[in-house]
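For reference, the chains in residue letters:
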Amino acid sequence: MTYRLKDFGSYTAGGRHVHVTQGEPQMVQFTRSAAYKMDPRGHFAIEHAYVQYFIPESRNSAPRVVLVHGGGMSGSCWETTPDGRAGWLHLLLDRGYEVHVIDNVERGRAGFAPGHWDGAPLLRSLQEAWLLFRIGATPGFETRTAFDGQRFPVAHFNTFARSFVPRWLGTTQLHTAALLAVLAKTGPATVICHSQGGEVVFDAHHTDPDLFDNIIALEPSALPKDAAALGDTPLVLAVGDFLDVEDHWITRNQAWCDLAETGQNVRLVGPETFGYGNSHMLMMDDNSKAVLDALLG
């Protein structure tokens, strides 16, 4: 894969400044030789998204693409697969798309600010990811024995786990506001989202549908209230395999199918199109290129 970039860089979008008035200054030893008095009071910038953008030299005429990660993840999930293959960011650039990759509020390089949001952050364990992302059953976790036909690069599961980041449960509205701020900068875009990112994207679409050229949702954890709420915005729903292993996946799959059946602008794409054996992490499975091609098609 070879492509040349015309431009790349980063920016932040959305967020607010808060004024903290509580706390007392204290001496902090930052390094072996540097210490100074730090005051926890003051003005702080929080709740913004960090975005890295890439513009290929041979840019196509399609709308720019904005990539929205899922829960407990950051924008790095689109960059490189756990086994070192090119992620969707590079595949899109190779096809001539301008791409904007989001680290949303309190994730990755957007940073986080404890004390401003209710509750404590959660960090997903390897065991939870093994089950939730449909890599394999509980007995197979210790030996890394996955479902038969599994397309996730199981030998690199531990590497994958290093990309997990803390998340708060009550910040979805903040993610939505930050995404809207990003799209206000980019203009109407093709928005590709994964899992929890679906809730963020559909909420943002409900607020300002004109900012969306179309939506590609990988196993979104929430949907619009009905197909009519999408208006004229085309939606492609991508689903993987092993959806009968847990009741909550059966329920989600039924909801995706129901939306596709009732929506004229909704297309459901699954194993019958790009092959069987996909996990919840379709952008990382060994047929991730075929999945992307099917969704863009």
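Here the structure is shown first, and the text comes after it.
Residues numbered from 1 in each chain as written. Predicted model: local features only at pLDDT ≥ 70, side-chain atom pairs only at ≥ 80, totals over all residues. Heavy atoms only, no water.

## A look at the nonpolar core
So, step 1. Counting 40 residues, the largest nonpolar core has Trp78, Trp88, Phe160, Leu218 and Leu295 as the members making the most contacts within it.
So, step 2. It is helix 1 (residues 88–94) that contributes the most residues to this core, five residues altogether.
So, step 3. Ala49, Leu183, Ala217 and Val266 belong to the second largest nonpolar core, which has 39 residues in total. (Core = buried A, V, L, I, M, F, W, Y, C linked by side-chain atoms within 4.5 Å. Buried < 20%, exposed > 50% of the residue type's maximum accessible area, 1.4 Å probe, protein only. Helix = DSSP H or I, 4+ residues; strand = E, 2+ residues; numbered from the N terminus.)

## Looking at the side chain of histidine 100
So, step 1. Among the secondary structure elements, histidine 100 is positioned in strand 6 (residues 99–103).
So, step 2. Within polar-contact distance, the side chain of histidine 100 engages the side chain of tyrosine 11 at 2.9 Å.
So, step 3. A distance of 2.7 Å separates polar atoms of two side chains, one belonging to histidine 100 and the other to glutamate 98.
So, step 4. In this view, histidine 100 contacts Tyr11, Val51, Gln52, Tyr53, Arg64, Val65, Val66, Leu67 and Thr186; residues no more than four positions away in its chain are not counted. (Polar contact = N/O pair within 3.5 Å; in protein donor to acceptor, adjacent residues only side chain to side chain. Contact = heavy atoms within 4.5 Å.)

## Examining the sheet that holds strand 1 (residues 5–20)
So, step 1. Taken together, the eight strands give an open sheet; going across it, the order is 1-4-6-5-7-8-9-10, and neighbouring strands pair in mixed fashion. Of all the strands in the sheet, just strand 1 and strand 10 (266–269) have a single pairing partner and so form its edges. Strand after strand, the sheet turns through a mean of 20 degrees between neighbouring axes, direction not considered.
So, step 2. Relative to strand 9 (residues 235–238), strand 8 (residues 212–218) runs parallel, the two sharing four bridges. Each residue of the ladder has a partner; that of isoleucine 216, found in strand 9, is valine 236.
So, step 3. On top of the sheet, helix 6 (residues 247–262) reaches strand 9 and strand 10; it is set at about 140 degrees to strand 10, its chief contact. (Pairing = 2+ DSSP bridges. Axes fitted to C-alpha atoms, helices over the stretch in contact; angles between N-to-C directions.)

## Examining helix 5 (residues 196–207)
So, step 1. Between the first and last C-alpha of helix 5 there are 18 Å, a value that for 12 residues agrees with the 16 Å anticipated at 1.5 Å per step.
So, step 2. When we look at burial in helix 5, the residues that qualify are Gln196, Gly197, Gly198, Val200, Val201, Phe202, Ala204 and His205.
So, step 3. Turning to helix 5, the residues buried within the fold contact strand 5 (65–68), helix 4 (172–186), strand 7 (189–194), strand 8 and strand 9. (Expected span 1.5 Å × (residues − 1).)

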